[in-house]
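What follows is the residue order along each chain.
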Amino acid sequence: MATVSSSSLLNKAVRQQYMNLPQGGKCQVTYIWVDGTGEGLRNKTRTLDSEPTSIEEIPEWNFDGSSTYQSEGSNSDMYLIPVRMFRDPFTLDPNKLVLCEVLKYNRLPAETNHRHSCNRVMQQVKEHYLWFGMEQEYTLLGTDGHPFSWPSNGFPAPQGPYYCSVGANHAYGRDVVECHYKACLYAGVQICGTNAEVMPSQWEFQVGPCEGIEMGDHLWVARFLLHRVCEDFGIIATLDPKPITGNWNGAGCHTNVSTQQMREEEGLQYIEQAISKLSKTHKQHIAVYDPHGGKDNMRRLTGLHETSSINDFSAGVANRGASIRIPRQVGKDKRGYFEDRRPAANCDPYAVTMAIAQTCFLDPTEEESKKEESA
């Protein structure tokens, strides 16, 4: 039996009695931000006198950065800058979830605030109408860190029957998956699908298509919702790229990329041009495709278990062992999108999408001059 949290065993009927109470016209707003690890999410809630109708109506706030690995105690106040608003699927309308950027005491972006620079790049490439779709893989664990529903003193049957599976002997934790999907739809997250993955207790959801900066916003909030749903069920969702060593698949965040030119007739030539540019910057991309400079992906990108080698760049049609995959239908239609299979499950989507946009659509010399102008 999986180890679950004590909080999940509390009487939910008693909780619901309070959740049904009226709010007297007030609105609860939960502020969400990325902490100093570049992976963790934090949140806190305040009351507004009325329901906000736009992000501009939500005030800035602050928090103690010394408790989130983002500042020293002697100068700990950090600013929360609201950037995107969602409906709250836990406390329901009129309450809101608000994704925030983090600024330091001097109003400069915090070290793990990659949204700020990503947004600048996305503004520079907006004429391409750049769409992304990201496939977020994750693994369910008990609170003891053991994979959910795995035998306590052993392993399940080898990989094979679990991908897109059905049945209690193959699909572990579907309640979490379906509740997360509904929570995303209610909140307004651009979730577009989900499926069981190759390793038991491993699942995936897809977010997109999202244009430009929206990709990172929607994926981070989808991750928050996943962790929050798991909290209710008393288990953990890990984004570790290789949670179980041995002959088990790792977890990635495959990133699909498309521009207006790629989507039009004969768009394949533009896909091939982008892939050619990516082939020349492989090491630079690996360095930003996980939060630890590529160290996490070293455990995952081995050339086995449907991955490419971390040391080599490759591309191919319908090849899940390549760095970049062109879907078979795209090769047939000669237009559409390509899939970068290198990002790790725990990547920062702002860092990933910014790197792709810079490599494929910006002139490096022009980019440097714009940095100097904004400095």
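Bear in mind the structure is a predicted one, so any value in this text is a computation, not a measurement.

Definitions and cut-offs
Residues numbered from 1 in each chain as written. Predicted model: local features only at pLDDT ≥ 70, side-chain atom pairs only at ≥ 80, totals over all residues. Heavy atoms only, no water. Axes fitted to C-alpha atoms, helices over the stretch in contact; angles between N-to-C directions. Helix = DSSP H or I, 4+ residues; strand = E, 2+ residues; numbered from the N terminus. Parallel < 35°, antiparallel > 145°, perpendicular 65-115°, else oblique. Left-handed = near helix turned anticlockwise from the far one by under 90°. Contact = heavy atoms within 4.5 Å. Nonpolar A, V, L, I, M, F, W, Y, C, P; charged D, E, K, R; others polar. Patch = residues over 30% accessible without salt bridge, like charges linked within 9 Å, V, L, I, M, F, W, Y side chains within 5 Å. Areas by Shrake-Rupley, 256 points an atom, 1.4 Å probe, with all protein chains shown as cover. Salt bridge = Lys/Arg side-chain N within 4 Å of Asp/Glu carboxyl O. Buried < 20%, exposed > 50% of the residue type's maximum accessible area, 1.4 Å probe, protein only. Pairing = 2+ DSSP bridges. Core = buried A, V, L, I, M, F, W, Y, C linked by side-chain atoms within 4.5 Å. Domains from an automatic or database assignment. Polar contact = N/O pair within 3.5 Å; in protein donor to acceptor, adjacent residues only side chain to side chain. UniProt positions renumbered as here; feature names shortened; annotations may be inferred. Disulfide = S-S within 2.5 Å.

Re the packing of helix H4 (residues 214-233) against helix H10 (residues 349-361)
For the pair H4 and H10, the least separation of the axes is 9 Å and the interaxial angle reads 155 degrees. Our classification of the angle between H4 and H10 gives roughly antiparallel. Taken as a pair, H4 and H10 cross one another with a handedness that is right-handed. On H10, the residues touching Met215, Gly216, Asp217, Leu219, Trp220 and Arg223 of H4 are Pro349, Tyr350 and Thr353. Taken together, the residues that form the contact of H4 with H10 break down as 5 nonpolar, 2 polar and 2 charged.

Some thoughts on a nonpolar patch on the surface
The grouping of Val14, Tyr18 and Leu21 at the surface amounts to a nonpolar patch, some 320 Å² of accessible area in total. Mapping valine 14 onto the fold places it in helix H1 (residues 12-19). For valine 14, a relative accessible area of 41% puts it in the partly exposed group.

So, the pattern of salt bridges
Applying the stated criterion across every chain, the model contains 16 salt bridges. Glutamate 339 is the salt-bridge partner of arginine 341, the closest N and O atoms lying 3.1 Å from each other. An identical accessibility class is assigned to arginine 341 and glutamate 339; each is buried. Residue aspartate 340 pairs with arginine 342 through a salt bridge whose shortest N-O separation is 2.9 Å. Under the relative-accessibility criterion, aspartate 340 is labelled buried at 0%. Residue classification places arginine 342 among the buried residues on the basis of a relative accessible area of 0%. One connected set of salt bridges, linked through shared partners, spans Arg84, Glu101, Arg115 and Asp217.

Considerations on the pairing of strand E3 (residues 61-64)
Burial along E3 is one-sided: the residues Trp61 and Phe63 are buried and none of Asn62 and Asp64 is. The pairing of E3 with strand E4 (residues 77-87) spans 4 bridges and is antiparallel. By the bridge assignment for E4, aspartate 64 is matched with aspartate 77.

Re the sheet that holds strand E1 (residues 27-34)
Backbone-to-backbone hydrogen bonds pair the strands of a sheet. The strands run either parallel or antiparallel. Across the sheet, which stays open at both edges, the 5 strands sit in the order E2-E1-E5-E4-E3 with mixed pairing between neighbours. One side of each edge strand has no neighbouring strand; the edge strands of this open sheet are strand E2 (41-48) and E3. Pairs of neighbouring strands in the sheet enclose a mean axial angle of 40 degrees, with direction left out of account.

Concerning the nonpolar core
Core analysis: the largest hydrophobic core is formed by 75 residues, its most contacted members being Tyr138, Leu140, Val189, Leu225 and Phe338. Considering each element in turn, this core owes the most residues, 10 residues, to H4. Each of domain 1 (6-111) and domain 2 (122-361) gives at least three residues to this core. Not counting residues within four places of it along the chain, the set of residues in contact with leucine 225 comprises Pro89, Phe90, Leu97, His180, Ala183, Cys184, Ala187 and Val189. Among the nonpolar cores identified, the runner-up in size contains 14 residues, and Tyr31, Trp33, Phe63 and Val102 belong to it.

Here's the deal with the side chain of serine 8
Looking at where serine 8 falls in the secondary structure, it is placed in the segment before H1. Judged by relative accessible area, serine 8 falls into the buried class, the value being 15%. For serine 8, the side chain forms a polar contact with the main-chain oxygen of serine 5, separated by 2.7 Å. When sequence neighbours within four positions are dropped, the list of residues in contact with serine 8 reads Glu231, Asp232, Phe233 and Gly234.

Side note on the UniProt feature "domain: GS beta-grasp" (unreviewed entry) in the protein
Residues given the UniProt feature "domain: GS beta-grasp" (unreviewed entry) here are residues 27-107. Between the first and last C-alpha atoms of residues 27-107 the distance is 28 Å; the span itself is 0% helix and 48% strand.

Focus on the environment of tyrosine 18
Counting through the fold element by element, tyrosine 18 comes out in helix H1. Overall, the relative accessible area of 55% leaves tyrosine 18 in the exposed class. Between the alpha carbons of tyrosine 18 and valine 29 there is a distance of 18 Å; along the sequence they are 11 residues apart.

Description of the state of the cysteines
The tally for this structure, following the rule as stated, stands at 0 disulfides. For the unlinked cysteine cysteine 164, the closest cysteine sulfur is that of cysteine 192, found at 14 Å. Here cysteine 184 is not cross-linked by a disulfide; its sulfur's nearest cysteine counterpart is in cysteine 192, at 11 Å.

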